[in-house]
There are 2 protein chains.
Amino acid sequence: MNAAAMVKTSVDMVKERLLDKKRALARINAEQLEQLLHRTIDPVATKSHYTLVNGIAASPGAAGGIAIFDVKKATELGEAGKRVILIREETKPEDVPAFFESAGILTSRGGKTSHAAVVARGMGKPCIVGCSDLKIDYQTNTCTANGKTVKEGDMITIDGSNGAVYLGDVPTIEPRITTDFKTILEWAQKAKKIGVRANADTPEGAKFARSVGGHGIGLCRTERMFNGRDRIGLFVEMIMAETITDRKRVLTKLGKLQKSDFVKILKAMEGYPVTIRLLDPPLHEFLPDPEELAGKIRTLEQKKSTKEAASAKKILKRARELAEINPMMGHRGVRVGITYPEIYEMQIRAVFEAAAFLAGKNVDARPQIMIPQVSSLSELVHIKKIYDAIKKEIQKKYNTKLRVNFGTMIEVVRAAVTADELASTAEFFSFGTNDLTQGTFSFSREDVEGKFLPEYLEKEILGRNPFQSIDVGGVGGLMEIAISRGRKARPKMEIGICGEHGGDPNSILFCHDSGLSYVSASPHRIPIAIVAAAQAAIRK
Amino acid sequence: MNAAAMVKTSVDMVKERLLDKKRALARINAEQLEQLLHRTIDPVATKSHYTLVNGIAASPGAAGGIAIFDVKKATELGEAGKRVILIREETKPEDVPAFFESAGILTSRGGKTSHAAVVARGMGKPCIVGCSDLKIDYQTNTCTANGKTVKEGDMITIDGSNGAVYLGDVPTIEPRITTDFKTILEWAQKAKKIGVRANADTPEGAKFARSVGGHGIGLCRTERMFNGRDRIGLFVEMIMAETITDRKRVLTKLGKLQKSDFVKILKAMEGYPVTIRLLDPPLHEFLPDPEELAGKIRTLEQKKSTKEAASAKKILKRARELAEINPMMGHRGVRVGITYPEIYEMQIRAVFEAAAFLAGKNVDARPQIMIPQVSSLSELVHIKKIYDAIKKEIQKKYNTKLRVNFGTMIEVVRAAVTADELASTAEFFSFGTNDLTQGTFSFSREDVEGKFLPEYLEKEILGRNPFQSIDVGGVGGLMEIAISRGRKARPKMEIGICGEHGGDPNSILFCHDSGLSYVSASPHRIPIAIVAAAQAAIRK
């Protein structure tokens, strides 16, 4: 039975008094509900279209458009109203403007946590990654698989729900939130015990999340905001700044942009908490790839573009300085906040400025500030001092009292083990179970999913992919230690989860049983989370 | 007071009945004892020599020799009896033959866990790493720092105990194990409660460890044995094998070499346990660096060496296939053992073959097999089946009973949390606290020690470098969970530690208090460990 039929029959059977509401909710396959929120390929039409190749289904939904291999061209054509499928070997933060303008994204490299996959999921754009049979040639602007070549401008269609790439423009079916679906969500909303919030970084995401029942934002990733076309240049300038004065000058500009972002998001979520996570990725992620840059420099030198080459060389030098052997465990999150305090200062000030502005407009804004990658209390205390000083400054400036909760991610193993200490300063916790799973298993998700993990699942060394469903015995055990130690120090503490597991039904069951306050999921997975949370609550 | 004076006065005061033995042991600064085991720079002589530059002190001891920038040349000159200081930007496993032939190693990149540092420490060779002010030019075979240039063949002297590089041949002082030092070690040996073993991979290392009081080997890294000049080529051939038949053919040759290695080491440690850890690093570590290889290919193509270029290209392709974004958390240890079972089969067979051979010679050999990077019971059970089959096969072949304990490293966080499960199959545990610290903090040691860790120590965010001294609150907490859960499932289980912390006095205190069975340390740190263990035991 497809999702629409499942929803309809459940509501019908309650109407006909064949089932009560609880049983009607219990029979729903929560996972399938996502089908109802995305465009799907018309199943009849696929038969008349050639399947070019298959990749990893990274972000659900179907989309057709013209094949474009160049980021700048994709942005321009998208702005001009064309439907574009952006095809790249892999993507980088500087490519994000093209994501906004594309109907879908297709890459030949990377796994489910590659840049392309994560950004596309956050935007709700269809995306296929790790399509390793697809050979892309940037010189000729073509790609080839199974003997067929796609040229720039040819129509293709991707199905991000199953990883299939079709030649031509395959008809797709528009999603529709039916009355029956709304009824199911209402019943589930009443039955569930834990909260459901959204991982959203834009006002649009926040509005959509709210429209499908999300009560607040559990994770607003501030670095996403640096990827806008008007910001990435400024952010790179900040990284390249040679003096602290230069860096602060650029940060002041970025701070104004962040404030206006926060104002819009807080407004969209009025009346509900919005958890704003300060900068998390390592700085080198915002610079171009060193190998590509070296190639660009060679080209510029051949063309005798001396000035451009010199400036590219400076960036290359900085990118090499910042490069890391294991970036996942390197200089990022609060570690950047401590070594470059002016960055977190700017972000914290932008939150308070936005809160003060909205208080003046009588908007019920409820921002919370969350620190990533924390491994010890002293890191948190260090940032809390900055927070306290800025709070005082802004309250004085606007002659008002502001309430902005201060909390921490629990995504580093040591944070889970020392949760009682952290709870002395943190007013709330949020589990980042993606990183926590990486740390607990010593698995780099980007490496293991493409290397040995499939074999582990096949040989049943692991029963499930721990990145899809919480590993109850290991990661779950650490979460339980953190919850009990945290609440011992601060009873009734708000503790949520904002990793991708927040939208997985099995994991939601575990979150309910462990006494979490809420789960936070991608906007498109909120209905799944609401139904799964209800199922956990009504289960015997 | 220097170490020699400290030792002498302690013994003298006991002789003169001014102190009892316990107080005499308690007043010793264990850390300083290492001075007595290495060549030191003659303090008078340094005044007349120019200090060229300073780097990170990576392996203690002083050595002078001629500056050589080429690995092959260093090996040849060393074999010809010259004193050589090998100077490289960084080193790779394929460079290890040159380590054997060099008096000391100096690199411009990397931290205390870089390849050069770890290998040099294991061999007891003086080494300085991360000397970032030293600019090396492989084209002209020179290096420059602070305006001075050292040419190939110029004499330089390095002091691996403090990181100083001197121009010229600075006189050094030979170490001497005095009667007083032996007396102190005897007293400590009697007073301590926990065992002290060695991290050693060669018969020489084992013999030296035994001579200074090491009772067994806690960590024998089998991959080190693949780095010998006669093996690295075979090992690369194994990685490049295109069929399983080809791979097994090469593995049979490697198996014979491993058996003879094990025979020698087990003999050198007769009567004591020797813990043999199966292959740990990712396979790509044994291949040349892709960027260097690409450069080499360009040169070969210019020279029209078509055949060599083609073979280098094949290796480059494989190196790129195996490359990882976060190698520390990737395809290594038991994960390689499961996906390429023939490698672990070869190693396990070599251990049993060596054990059977020595049993036939009436040598009391006590090998133990240890599995690295384990995160779940099913991994261990999977390898245990291979172990059981080979044990049966060899016992039948030699018509004998063999006792080879089967155990696991506890170096992945999940292994610590699920220690009760692992103890159902593992007969012993050994904490790999270097990796466990990396996993607990999400710190990549190679990155953080060169980036933010110094600032963390300076700002007192961390009281101590957790890679030097066990982080009692976080890593120690996990160890205590693992010890109590492990011994609950298997009472009196042998549990040791073989990370570098095993040679650190503060960490040894923690190990004693936690009820560990033994610590395992670099041979040159064994006297320190013995005295520190005694101090832990006699402390009030």
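Because the structure is predicted, anything quoted here is derived from the model rather than measured.

Parameters and conventions
Residues numbered from 1 in each chain as written. Chains lettered and ligands numbered in written order. Predicted model: local features only at pLDDT ≥ 70, side-chain atom pairs only at ≥ 80, totals over all residues. Heavy atoms only, no water. Helix = DSSP H or I, 4+ residues; strand = E, 2+ residues; numbered from the N terminus. Buried < 20%, exposed > 50% of the residue type's maximum accessible area, 1.4 Å probe, protein only. Contact = heavy atoms within 4.5 Å. Areas by Shrake-Rupley, 256 points an atom, 1.4 Å probe, with all protein chains shown as cover. Lys, Arg positive; Asp, Glu negative; His and termini not counted. Charge placed at Lys NZ, Arg CZ, Asp CG, Glu CD. Pairing = 2+ DSSP bridges. Disulfide = S-S within 2.5 Å. Least-squares fit on C-alpha atoms with pLDDT ≥ 70 in both. pLDDT = per-residue confidence, 0-100. Salt bridge = Lys/Arg side-chain N within 4 Å of Asp/Glu carboxyl O. Polar contact = N/O pair within 3.5 Å; in protein donor to acceptor, adjacent residues only side chain to side chain. Nonpolar A, V, L, I, M, F, W, Y, C, P; charged D, E, K, R; others polar. Phe/Tyr/Trp six-rings, centres within 6.5 Å; stacked < 30°, edge-to-face > 60°. Lys NZ or Arg CZ within 6 Å of the ring centre and 35° of its normal. Axes fitted to C-alpha atoms, helices over the stretch in contact; angles between N-to-C directions. Left-handed = near helix turned anticlockwise from the far one by under 90°. Parallel < 35°, antiparallel > 145°, perpendicular 65-115°, else oblique. Expected span 1.5 Å × (residues − 1).

1. Observations regarding the overall build of chain A
Across its full length, chain A holds 23 helices and 21 strands. By principal-axis analysis of the C-alpha atoms, chain A measures approximately 80 × 65 × 50 Å. The buried share of chain A, reckoned over its 540 residues, is 60%. Contacts in chain A between residues at least 24 apart in sequence constitute 70% of all its contacts with a sequence separation of at least 6. For chain A, the accessible surface area stands at approximately 21,900 Å², while carbon and sulfur atoms represent 50% of it. Seen as two clouds, the 79 positive and the 65 negative side-chain charges of chain A have centres 5 Å apart.

2. Comments concerning the pairing of strand β19 (residues 428-431) of chain B
All names here are of chain B. Residues Phe-428 and Ser-430 point to one face of β19 and Phe-429 and Phe-431 to the other, with burial holding for every one of them. Two elements, strand β18 (residues 405-410) and β19, share four bridges in a ladder whose sense is parallel. Bridge pairing in β19 links Met-409 to Ser-430. Where β19 lies against strand β20 (residues 494-497), four bridges are found, and the strand directions are parallel. Pairing of Phe-428 across the sheet is with Glu-494, part of β20.

3. Section: the state of the cysteines
Disulfides are covalent bonds that link the sulfur atoms of two cysteine residues. Residues and elements named next belong to chain A. As enumerated under the stated definition, the model contains zero disulfides over all chains in all. Between Cys-127, a cysteine without a disulfide, and Cys-131, which holds the nearest cysteine sulfur, the sulfur-to-sulfur distance is 11 Å. Judged by its relative accessible area of 0%, Cys-127 is buried.

4. With respect to the relation of the copies chain B and chain A
Note on the copies: chain B fits chain A at an RMSD of 0.1 Å, the axial shift is 0.0 Å, and the rotation between them is 180 degrees. Both copies are brought into coincidence by an operation consistent with a two-fold rotation axis. Closest to the rotation axis within chain B is the C-alpha of Asn326(B), separated from it by 2.1 Å. Most of the interface of chain B is mirrored in chain A, where 100% of its interface residues again form contacts.

5. Notes on the confidence of the model for chain A
When the pLDDT values of chain A are averaged, the result is 93; 100% of them are 70 or greater. Here the predicted complex scores 0.87 on pTM and 0.86 on ipTM.

6. Remarks on the interface of chain B and chain A
Tallying the contact residues gives 49 residues for chain B and 49 residues for chain A. One can count two salt bridges joining chain B with chain A. The partner of Arg414(B) in a salt bridge is Asp471(A), and the shortest N-O contact between them spans 2.7 Å. At the surface where chain B touches chain A, the tally comes to 30 residue pairs in polar contact (both at pLDDT 80 or more). Listing elements by their share of the side of chain B that touches chain A, those giving two or more residues are α12 (306-322), α13 (334-339), α15 (377-398), α16 (413-417), α18 (433-441), α19 (445-448), α20 (453-458) and α21 (472-489) of chain B. Its residues assigned to classes, the side of chain B that touches chain A comprises 19 nonpolar, 17 polar and 13 charged.

7. Thoughts on the packing of aromatic side chains
Residue and element names in this part refer to chain A. Under the criterion given, the structure shown has 14 aromatic pairs over all chains. Ring geometry for Phe-226 against Phe-235: centres 4.4 Å apart, planes inclined by 25 degrees, an arrangement best described as stacked. Its relative accessible area of 1% is what places Phe-226 among the buried residues. An aromatic cluster is present here, built from Phe-441, Phe-443, Phe-452 and Tyr-456 joined pairwise through their rings. Against the face of Tyr-50 rests Lys-148, its NZ or CZ located 4.8 Å from the ring centre. Directly above the aromatic system of Phe-406 lies the positively charged group of Lys-384, at a separation of 5.9 Å from the ring centroid.

8. Topic: the side chain of Arg277(B)
Positionally, Arg277(B) belongs in strand β16 (residues 273-277). Those residues in contact with Arg277(B) that lie beyond four places of it in its chain are Leu219(B), Cys220(B), Arg221(B), Thr222(B), Glu223(B), Met370(B), Pro372(B) and Met409(B).

9. What about the sheet that holds strand β4 (residues 62-68) of chain A?
Residues and elements named next belong to chain A. The eight strands are arranged β2-β12-β11-β4-β5-β6-β7-β3 in an open sheet whose pairing can be described as mixed. Of all the strands in the sheet, just β2 (51-54) and β3 (56-59) have a single pairing partner and so form its edges. Averaged over all pairs of adjacent strands, the angle between their axes in this sheet comes to 30 degrees, without regard to strand direction. As paired elements, β2 and strand β12 (residues 164-167) share three bridges and run antiparallel to each other. Note on β12: the bridge partner recorded for Thr-51 is Tyr-166. This element, helix α4 (residues 71-79), spans β4 and β5 (84-88) of the sheet and lies at about 170 degrees to β5. Helix α6 (residues 115-123) rests against β3, β6 (104-107) and β7 (127-129) of the sheet, and its axis sits at about 165 degrees to β7.

10. Concerning unusual backbone geometry
Residues and elements named next belong to chain A. Its identity as a non-glycine residue notwithstanding, Gln-373 has a phi of 65 degrees, on the positive side. Tracing the chain through its elements places Gln-373 in the loop between β17 (366-371) and α15 (377-398). Relative accessible area serves as the criterion here: at 1%, Gln-373 is assigned to the buried category.

11. Observations concerning the packing of helix α14 (residues 341-360) of chain B against α15(B)
Think of two packed helices as two axes; the pair is described by the angle between the axes and how far apart they sit. Residue and element names in this part refer to chain B. Where α14 contacts α15, the axes come no closer than 9 Å and their chain directions differ by 35 degrees. The interaxial crossing formed by α14 with α15 has right-handed handedness. On the side of α14, the interface is formed by Pro-341, Tyr-344, Glu-345, Ile-348, Arg-349, Phe-352, Glu-353 and Ala-356, while α15 contributes Ile-383, Ile-386, Tyr-387, Ile-390, Lys-391, Glu-393, Ile-394, Lys-397 and Tyr-398.

12. With respect to the pattern of salt bridges
Residues and elements named next belong to chain A. As enumerated under the stated definition, the model contains 66 salt bridges over all chains in all. Residues Arg-525 and Glu-31 are paired through a salt bridge, measuring 2.8 Å at the closest nitrogen-oxygen approach. Here Arg-525, found in the loop between β21 (518-521) and α23 (526-538), pairs with Glu-31, found in the loop between α2 (21-26) and β1 (40-41); they are 494 residues apart in sequence, far enough to count as distant. We note a salt bridge from Arg-197 to Glu-494, for which the minimum N-O separation is 3.1 Å. With a gap of 297 residues between them, Arg-197 in strand β14 (residues 195-199) and Glu-494 in strand β20 (residues 494-497) connect regions that are remote in the sequence. Beyond isolated ion pairs, a larger network of salt bridges with shared partners links Glu-223, Arg-277, Asp-280, Arg-332 and Asp-435.

13. Some thoughts on the packing of helix α8 (residues 203-211) of chain B against helix α10 (residues 244-268) of chain B
All names here are of chain B. Closest axis-to-axis distance for the α8/α10 pair is 8 Å, and the angle between their directions is 10 degrees. Relative to α10, the element α8 lies roughly parallel. Contacts between α8 and α10 involve Pro-203, Ala-206, Lys-207 and Arg-210 from the former and Lys-264, Ile-265 and Ala-268 from the latter. Partitioning the contact of α8 with α10 into residue classes produces four nonpolar, no polar and three charged.

14. Some thoughts on the sheet that holds strand β8 (residues 135-137) of chain B
Two pairing modes exist for strands in a sheet, parallel and antiparallel, and in both the strands are linked by backbone hydrogen bonds. Residue and element names in this part refer to chain B. Taken together, three strands build an open sheet; the order of strands is β8-β9-β10 and the sheet is antiparallel. Two strands lie at the open edges of the sheet, namely β8 and β10 (148-151), each paired on one side alone. Direction aside, neighbouring strands of the sheet carry axes that sit 20 degrees apart on average. Alignment of strand β9 (residues 142-145) against β10, held across four bridges, turns out to be antiparallel. Within the sheet, the bridge partner assigned to Cys-143 lies in β10 and is Val-150.

15. Observations regarding α21(B)
Here α21(B) is 18 residues long and its end C-alpha atoms lie 24 Å apart, about the 26 Å a rise of 1.5 Å per residue gives. For α21(B), the full list of buried residues reads Gly474(B), Val475(B), Gly476(B), Gly477(B), Leu478(B), Met479(B), Ile481(B), Ala482(B), Ile483(B) and Gly486(B).

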